[in-house]
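Overview (structure and organization)
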Amino acid sequence: MRKINDTLLRAARGERTAYTPVWYMRQAGRSQPEYRKIKEKYSLEEITHQPELCAYVTHLPVQNYNVDAAILYKDIVTPLPGMGVDVKIKAGIGPVISNPIRSTKDVEALREFNPEEHVPFVLDTIKILTEEQLDVPLIGFAGAPFTLASYMIEGGPSRNYSLTKSFMVSEPQAWFMLMDKLADMIIVDIKAQVGAGAKAFQIFDSWVGALDKEDYRIFIKPVMTRIFTELKELDVPMITFGVGASHLAMDWHDLPVDVIGLDWRLPIKEARAMGMTKPVQGNLDPTLLLADWSVIEERTKAIIDQGLEIPGHIFNLGHGVFPSVDPDVLKRLTTLIHEYSADQVKARF
Ligand SMILES: O=C(O)CCc1c2[nH]c(c1CC(=O)O)Cc1[nH]c(c(CC(=O)O)c1CCC(=O)O)Cc1[nH]c(c(CC(=O)O)c1CCC(=O)O)Cc1[nH]c(c(CCC(=O)O)c1CC(=O)O)C2
């Protein structure tokens, strides 16, 4: 087994580490010039189907930014074709689905997902990275049932999730069947990713903040509880994440999950004051990476200071890196996080 720097894994388990570890959502694609060159020739799907190339793209930010983990280059919709969903990632739009779910019959028709059969290229990429290349942990990931269902029902990205929410409340039986089928897929997918070498995983419930607390508790919390309960046996850190969902933060804290990923709307100190004692991940506003360095520096230090109050903080952005961010800013930011947090830890603990 390769020896890796496990600082991020220890922070995820709530240990006090010598510095605050960091990775960035969407660090693998987006603004890196090497990646952009590859994107001139290949689509996301074409890159993910070529394990050597996909491993290269995944490894780039570790080399270029010195982050403490790699995130697998693929998308939350990558497993869906295996279930019979006809999805294409369209430039400038995102995932577009030509056979959206609109009835119980459509849910019944979804097929069982088998990672070895449907996404062997993902598992091969993980093996290349973890057996031959990485000296930091690889984070595996999956979309959560609500977020995946929103694409599957709307047929693509949505502003208000109106079809998804009306299907959920009008067809609860079909909804719960859909949640169960997606949970089955997520569970086998994450088990396969960890089996291939991923050392932690994140479940992206990016759009669940669209629900109010009561609907979250009725329609989502049970399936999220099931997912983390069944994945606990893997004994790797489990991270949950969503955007615009501060009102759900303490419901997430109830889930049998290890790390709560916060977007930029809820300061870590407020989450702590609400009773969030679990390790947290986040939460610099990603738009600030386009602002003056002095602002980035000040906000970053404030987040690190808040994160040090209780052991267990992984630095990240509040959501994905924008494509227009200068890669040098990410490099400088990583250095700032490592150096400032190390100085603070030495001085304070
Ligand atoms: O607005 C929308 O709903 C569509 C968003 C969209 C998705 N896939 C997509 C797009 C188009 C695009 O990013 O330009 C399509 C997509 N996914 C990805 C890329 C690569 C890139 O941005 O350069 C792209 C763009 C590909 C292309 O333009 O051809 C890769 C991806 N998606 C994702 C991840 C995991 C991560 O964030 O680290 C990763 C891999 C890691 C990495 O790139 O560093 C996760 C993902 N994809 C997606 C979501 C839903 C929410 C969201 O996007 O914010 C989420 C979860 C999340 O970020 O919260 C859906």
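Computed from a predicted structure; not experimentally measured.

A closer look at the environment of Val-57
- Assignment of secondary structure puts Val-57 in helix H4 (residues 51–65).
- On the basis of relative accessibility, which here comes to 0%, the residue Val-57 falls in the buried class.
- Along the sequence, Val-57 and Ala-70 sit 13 residues apart, while their C-alpha atoms lie 10.0 Å from each other.
- Excluding residues that lie within four positions of it along the chain, Val-57 makes contacts with Ala-28, Tyr-35, Ile-38, Ile-47 and Tyr-73.

Description of the packing of aromatic side chains
- Under the counting rule described, the total for this entry stands at 7 aromatic pairs.
- Their ring planes at 80 degrees and their centres at 5.9 Å tell us that Phe-204 and Phe-241 sit as a pair that is edge-to-face. With Phe-204 in strand E5 (residues 200–204) and Phe-241 in strand E6 (residues 238–241), this residue pair connects regions lying 37 residues apart in the sequence.
- For Phe-204, a relative accessible area of 11% puts it in the buried group.
- Look at Phe-241 and you get buried, because its relative accessible area is 0%.
- Cation over ring: Arg-16 sits above Phe-349, and NZ or CZ is 3.6 Å from the ring centre.

Quick look at the UniProt feature "site: Transition state stabilizer" (unreviewed entry) in the protein
- Mapped onto the present numbering, the UniProt feature "site: Transition state stabilizer" (unreviewed entry) falls on Asp-75.
- Tracing the backbone through its elements, the reader meets Asp-75 in the loop between strand E1 (70–71) and strand E2 (87–90).
- For Asp-75, a relative accessible area of 12% translates into the label buried.
- Among all residues touching Asp-75, those that are not within four sequence positions of it are Leu-44, Ile-89, Pro-95 and Phe-141.

Section: the site of the ligand
- In the vicinity of the ligand lie 27 residues, with Ala-28, Arg-30, Lys-39, Tyr-151 and Ser-206 positioned nearest.
- The contact in question runs from an oxygen atom of the ligand to an N or O atom on the side chain of Lys-39, over 2.6 Å.
- Here an oxygen atom of the ligand sits 2.5 Å away from a polar atom, N or O, in the side chain of Ser-206.
- Contributions of two or more residues to the shell around the ligand are made by helix H2 (33–41) and strand E3 (94–97).

Observations regarding the environment of Arg-332
- With respect to the helices, strands and loops of the structure, Arg-332 is situated in helix H15 (residues 327–348).
- Note: C-alpha distance between Arg-332 and Thr-78 (254 residues apart in sequence) is 32 Å.

Structural notes on unusual backbone geometry
- For the bond from Gly-282 to Asn-283, the omega torsion is -5 degrees, close enough to zero to count as cis.
- A positive phi angle, close to 60 degrees, is found at Arg-26, a residue other than glycine.
- Structurally, the position occupied by Arg-26 is in the loop between helix H1 (7–12) and H2.
- Within the chain, Asp-235 stands out as a residue other than glycine whose phi angle is a positive 60 degrees.
- Along the chain, Asp-235 falls in the loop between helix H11 (213–231) and E6.
- Asp-235 sits in the exposed class, given a relative accessible area of 56%.

A look at the packing of helix H10 (residues 172–196) against H11
- Closest axis-to-axis distance for the H10/H11 pair is 10 Å, and the angle between their directions is 25 degrees. It follows that H10 is roughly parallel to H11 by the angle criterion. Helix-helix and strand crossings are classified by hand; for H10 and H11 the assignment is right-handed. From H10, Pro-172, Trp-175, Phe-176, Met-179, Asp-180, Ala-183, Asp-184, Ile-186, Ile-187, Ile-190 and Lys-191 reach across to H11, where they touch Ile-218, Phe-219, Ile-220, Val-223, Arg-226, Ile-227, Glu-230 and Leu-231.

A word on the packing of H4 against helix H7 (residues 120–133)
- Between H4 and H7, whose axes approach to 9 Å, the crossing angle comes to 55 degrees. Classed by the angle they form, the pair H4 and H7 counts as oblique. As H4 packs across H7, the resulting crossing turns out to be right-handed. Contacts between H4 and H7 involve Pro-51, Glu-52, Cys-54, Ala-55, Thr-58 and His-59 on the former and, on the latter, Phe-121, Asp-124, Thr-125, Ile-128, Leu-129 and Gln-133.
- Here the residues of the contact of H4 with H7 are counted per class, giving 6 nonpolar, 4 polar and 2 charged.

The rules behind the values
Residues numbered from 1 in each chain as written. Predicted model: local features only at pLDDT ≥ 70, side-chain atom pairs only at ≥ 80, totals over all residues. Heavy atoms only, no water. Helix = DSSP H or I, 4+ residues; strand = E, 2+ residues; numbered from the N terminus. Buried < 20%, exposed > 50% of the residue type's maximum accessible area, 1.4 Å probe, protein only. Contact = heavy atoms within 4.5 Å. Phe/Tyr/Trp six-rings, centres within 6.5 Å; stacked < 30°, edge-to-face > 60°. Lys NZ or Arg CZ within 6 Å of the ring centre and 35° of its normal. UniProt positions renumbered as here; feature names shortened; annotations may be inferred. Near = heavy atom within 4 Å. Polar contact = N/O pair within 3.5 Å; in protein donor to acceptor, adjacent residues only side chain to side chain. Axes fitted to C-alpha atoms, helices over the stretch in contact; angles between N-to-C directions. Parallel < 35°, antiparallel > 145°, perpendicular 65-115°, else oblique. Left-handed = near helix turned anticlockwise from the far one by under 90°. Nonpolar A, V, L, I, M, F, W, Y, C, P; charged D, E, K, R; others polar.

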